There are 2 protein chains.
Amino acid sequence: MRKEEKKADTFILKGNICYSKTEKEVTTIPHAYLLCRDGICQGVFESLPDDYKEYPLTDYGDALILPGLVDLHLHAPQYAFTGLGMDMELLEWLDTRTFPEEGRYGDMEYAKKAYRIFTEDLKKSATTRACVFATRHVPATILLMDMLEETGLQAMVGKVNMDRNAPDYLCEDSPEKSAEDTLKWLREVKGKYRNIKPILTPRFIPSCSDRLMEMLCEIRREYDLPVQSHLSENKGEITWVKELCPWSAFYGDAYERFGMFGGDYPAVMAHCVHPTEEEIALMKKNRVFAAHCPHSNTDLSSGAAPIRRYLEEGIHVGLGSDIAGGHVLSLFQVMVGAVQASKLRWRLLDETQKPLTVEEVFYMGTKGGGAFFGQVGSFEKGYEFDAVIVDDARLQTPRKLTLKERLERVVYLSDDRDIAGKYAAGRRII
Amino acid sequence: MRKEEKKADTFILKGNICYSKTEKEVTTIPHAYLLCRDGICQGVFESLPDDYKEYPLTDYGDALILPGLVDLHLHAPQYAFTGLGMDMELLEWLDTRTFPEEGRYGDMEYAKKAYRIFTEDLKKSATTRACVFATRHVPATILLMDMLEETGLQAMVGKVNMDRNAPDYLCEDSPEKSAEDTLKWLREVKGKYRNIKPILTPRFIPSCSDRLMEMLCEIRREYDLPVQSHLSENKGEITWVKELCPWSAFYGDAYERFGMFGGDYPAVMAHCVHPTEEEIALMKKNRVFAAHCPHSNTDLSSGAAPIRRYLEEGIHVGLGSDIAGGHVLSLFQVMVGAVQASKLRWRLLDETQKPLTVEEVFYMGTKGGGAFFGQVGSFEKGYEFDAVIVDDARLQTPRKLTLKERLERVVYLSDDRDIAGKYAAGRRII
């Protein structure tokens, strides 16, 4: 590689650096240097190492530099109705709000219009990585992947599988057709993108027949794919899964029997609000990621997930906006929602499980969820270089604040106006 | 009055008009005319009445025109630490965060700096009216009133009374000194403002000796003042009140014995999270307003107030940001917080009390809280003319929405960027 090319992939950012090594504390280093080489973080330095002096440096002045935020669960097609119909529970909401909207993505003109708004807003946010549900439609899913690729964001995107319990306009005709479309999609996107990867996406057990799950399991193995789905979100849903899969010991077991619940490959399950003890044990054993979606769990009155318990068990926890079950795209606001839900859970339900701290939710929104993508979500050496620059000047106060306090206010009060720059996988995207 | 002058006080706004008559529904009238004469709303019309054709008309195009929002409870000096220290419960938070900050308002330079930030941000928000706690300091309280007067916002502001259980730097020296300062303050502000009025503000029972409460009761009568304070926010606080006032039957009774709990004058009590049956009955009898502060009650882990019950009882309920126990100044976000808290309360605590609807919280944030100021918070004929114009163009969607749906998205998703204009008491302020 010629020297010029190498230089372009090596650069330095200067600013007030905050990141997590563990969930217990945030490391804050004022006016420090953050080094990137070939898309990989080389660590944080209080003074610039000599062998980096010839590389380009961007000085963000008094702004904060944080790891890019990771959204472990969201539905791109549902962005169109964010903030609407927040007066139903899950199953009614799917029938009334979600399925009719997702049905529209057979129309590529509509999909283009809707996904443009979604990708623009996601790009403007503090999020650098996301696990995204599309719809069951192959062309619209590929369109979404194309548009996300262009933003520079890193994402895993799934064509949704659903062959039962959905209206005709949205339900796939048969397990065979669903599997066939999935293979078609996987072949078309293979090797196509730099930033976007496919992820297998059975909607949830009530939408997927046993036969479909068997076929998806084979596809998963053949293509070595990660899996995303939903787990134990709502009590009515859990009862329904038991009816649909009477042989299952618990909800997660219905995935496990089809080899779709992690183990030797990454699996992320959204919600995990009402687990049984056996389900918690299996999540732990199989290293299943819990995508905690507090706004969604509150907006759909699903409940408050036992996140403290998951942390105690060492289960991986990341955060999800769950657009549009949740009404906010901002992962900072999802962090606040996670603290708030844990406080009401503590006060109203179980005073043995202490509320989450701002350190813990910041960890979940960065390194916690980032682990689903590999070494992502921190500024430790060897991590992929995702960074977001937040200028908190708008959040005025007469007080002198520590960097840790400024970070706390960024979490609680900032919005997309305050994003001054963003890098994903070593490339600047805003 | 000359014709020109009369004209200046009479004007028309045109836009998509949404307002509440009852808590059950929102009235929405697209592209309609809203008439103001001498600061008073003359109603909403689908076509412009003939006798208004000569008056100035502002056409806000496709924007929404809503009644100005009413914040029934907030602490201006605490704005400086909004979004900080959200990891404590009430009593610890007062000692650690609040009292040290309020102690700074003896320094007029600091007060000027802090109150400038607060008043600028409140002016930019969708709020047109507020009940505001200052600190115990007379000069800084008058400074705050001066600065609020300049914004054009309508507000009731209280010099805080507190003569016990506070650190020396903040505690008033004696009940007599507290009463004397209160009289000094009331004399200085008497007749001084067009927009701002004083309100008697005993901090809460733990901060006010019996002797002070007796003296404040006399001052209240002499000056015919409304009262604002705190009620049954936190279980530790309630136990403490019982210890401090062993003769009281319940927390509200401790105010009632000193003639400070409404009845023949308006009283607003913040929080009301853990009432007894007797307290509810007395609130109802005395027409006490409950200022529901859901973000604060969640952020400080106080609990979730039984707002459905209050509505069933016909108790007046308005919304409060409770800056900085609550971390958001936006009353729209307080509405969302109220719906969310009611959903978790329903799911986790009491499934007999249904969650609040967006119609109900919109009512509380306008007409519900507005009633504390008189005929305020609606566009019915005879109401004081407070209006906020919201341009929702930023909240893009590929869907065609009804006006009601657009309002729902404004509540869930808008922020101060979207405020295109604001009027309070018939005068344009932004």
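All residue numbers here refer to positions counted from 1 along the written sequence of the relevant chain. Numbering of ligands from 1 and lettering of chains from A proceed in the order in which they are written. Two thresholds apply to this predicted model, a pLDDT of at least 70 for residue-level local features and 80 or more for giving and counting side-chain atom pairs, whereas whole-chain, interface and lining totals are computed over all residues. Calculated side-chain values reflect all of the structure's heavy atoms, with hydrogen atoms and water omitted.

**Q** Whenever I open this one, the sheet that holds strand 16 (residues 419–424) of chain A confuses me. Can you help?
**A** Residues and elements named next belong to chain A. Two strands qualify as a pair provided that DSSP identifies no fewer than 2 bridges between them. To qualify as a helix, a DSSP run of H or I must reach at least 4 residues; to qualify as a strand, a run of E must reach at least 2; elements of each kind are numbered from the N terminus. With mixed pairing, the 7 strands of this open sheet are ordered in space as 3-2-1-4-15-16-17. At either margin of the open sheet sits one strand with a lone partner, and together these are strand 3 (40–45) and strand 17 (427–428). By the bridge criterion, 11 bridges tie strand 1 (residues 10–22) to strand 2 (residues 25–37) in an arrangement that is antiparallel. Pairing of threonine 22 across the sheet is with glutamate 25, part of strand 2.

**Q** Got a minute to help me understand the pairing of strand 2 of chain A in this structure?
**A** For a regular strand, side chains alternate in direction, first toward one face of the sheet and then toward the other. Residue and element names in this part refer to chain A. The loop that links strand 1 with its antiparallel partner strand 2 comprises 2 residues. Where strand 2 meets strand 3, 5 bridges bridge the pair, whose relative direction is antiparallel. For leucine 34, the partnering residue across the bridge sits in strand 3 and is valine 44. Between the end of strand 2 and the start of strand 3, which pair antiparallel, lie 2 residues, with aspartate 38 showing a positive phi angle near 50°.

**Q** Before we go on, may I ask you to explain the relation of the copies chain B and chain A in this structure?
**A** Alignment of copies: least-squares fit on C-alpha atoms of residues with pLDDT of at least 70 in both copies. Once turned by 180° and shifted 0.0 Å along the axis, chain B lies on chain A with an RMSD of 0.0 Å. The relationship between the two copies is best expressed as a two-fold rotation axis. Taking C-alpha positions as the reference, the residue of chain B nearest the rotation axis is B:Leu348, at 3.1 Å. Of all interface residues in chain B, 100% are interface residues in chain A too; the two copies therefore contact each other through one and the same surface. Between two residues, a contact is recorded if the distance between any of their heavy atoms is within 4.5 Å.

**Q** Please clarify how the sheet that holds strand 1 (residues 10–22) of chain B should be interpreted in this entry.
**A** Strand pairing in a sheet relies on backbone hydrogen bonds. The paired strands run either parallel or antiparallel. Residues and elements named next belong to chain B. Reading across from one edge, 3-2-1-4-15-16-17 is the order of the 7 strands in this open sheet, with mixed pairing throughout. Only two strands of the sheet have a single partner each, and these edge strands are strand 3 (40–45) and strand 17 (427–428). With axes taken as lines fitted to C-alpha atoms, and helix axes fitted only over the stretch in contact, angles between N-to-C directions fall between 0 and 180 degrees. Across the sheet, helix 14 (residues 403–413) lies against strand 1, strand 2 (25–37), strand 4 (57–67) and strand 15 (387–390), angled at about 65° from strand 4, the strand it touches most.

**Q** Just checking my understanding: could you explain the pattern of salt bridges for this structure?
**A** Pairs can form between side chains of opposite charge whenever their charged atoms are close. When a carboxyl oxygen of Asp or Glu lies within 4 Å of a side-chain nitrogen of Lys or Arg, that pair is called a salt bridge. Scanning the model with the defined rule gives 60 salt bridges over all chains in all. The shortest N-O distance in the salt bridge between A:Glu313 and A:Lys284 comes to 3.2 Å. Placement of the pair is A:Glu313 in helix 11 (residues 307–313) and A:Lys284 in helix 9 (residues 277–285), with a sequence separation of 29 residues. On the basis of relative accessible area, A:Glu313 is assigned to the partly exposed category, the value being 21%. Between B:Arg309 and B:Glu313 there is a salt bridge, and its shortest N-O distance comes to 3.0 Å. A simple rule labels every residue: compare its accessible area, found with a 1.4 Å probe on the protein chains alone, to the largest value its type can have, and call it buried under 20%, exposed over 50%, or partly exposed in between.

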